[in-house]
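So the chains spell out like this:
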Amino acid sequence: MKKLLALALSLVAASAMAAEYPDISISDLKTAISEKKVTVIDVNGSDSYAEGRVPTAIDFEAKGGELEKVLPADKNALVVAYCGGPSCNAYKAAAKKATELGYTNVKHLSAGKSGWKKAGEELEK
């Protein structure tokens, strides 16, 4: 019984963590970028960032220590973090930092950089 309870609690915790940062679609992110209503954070590292990134993205490796200076003053503003693709969890570092800074609308582009390219979207260089 104890093992069953522990398993149930771990499943609840895992699902809560997954919902902590809701996903945003490529289409919705493109719209938010074109309307200048989002701050995008790339957590793939500075080398990958230099090779190409989702348009308007901030380099988390270079700017993460001063994230509060590059995020908008409005704590309800949309902030989207992404990494390499669906199996990558590196985005959580940026999402967590934004949340700790008081941002309440933090989302995750689970498709990541690879999904953005696969969808035929251009990378900014």
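Residues numbered from 1 in each chain as written. Predicted model: local features only at pLDDT ≥ 70, side-chain atom pairs only at ≥ 80, totals over all residues. Heavy atoms only, no water.

The protein goes by Rhodanese-related sulfurtransferase in an unreviewed UniProt entry, where it is assigned to Prosthecobacter fusiformis.

> With reference to specific residues and values, describe the pairing of strand S1 (residues 38-42).
Taken across its 5 residues, S1 has 5 buried, putting it largely inside the fold. Residues Val-38, Val-40 and Asp-42 point to one face of S1 and Thr-39 and Ile-41 to the other, with burial holding for every one of them. As defined by bridge partners, S1 adjoins strand S3 (residues 78-82) across 5 bridges and the pair is classed as parallel. Among the inter-strand pairings, Ile-41 is bridged to a residue of S3, identified as Ala-81. Taken together, the 2 bridges between S1 and strand S2 (residues 58-59) define a ladder with parallel strand orientation. Each bridged residue has a counterpart across the sheet, and for Ile-41 the counterpart in S2 is Ile-58. (Buried < 20%, exposed > 50% of the residue type's maximum accessible area, 1.4 Å probe, protein only. Helix = DSSP H or I, 4+ residues; strand = E, 2+ residues; numbered from the N terminus. Pairing = 2+ DSSP bridges.)

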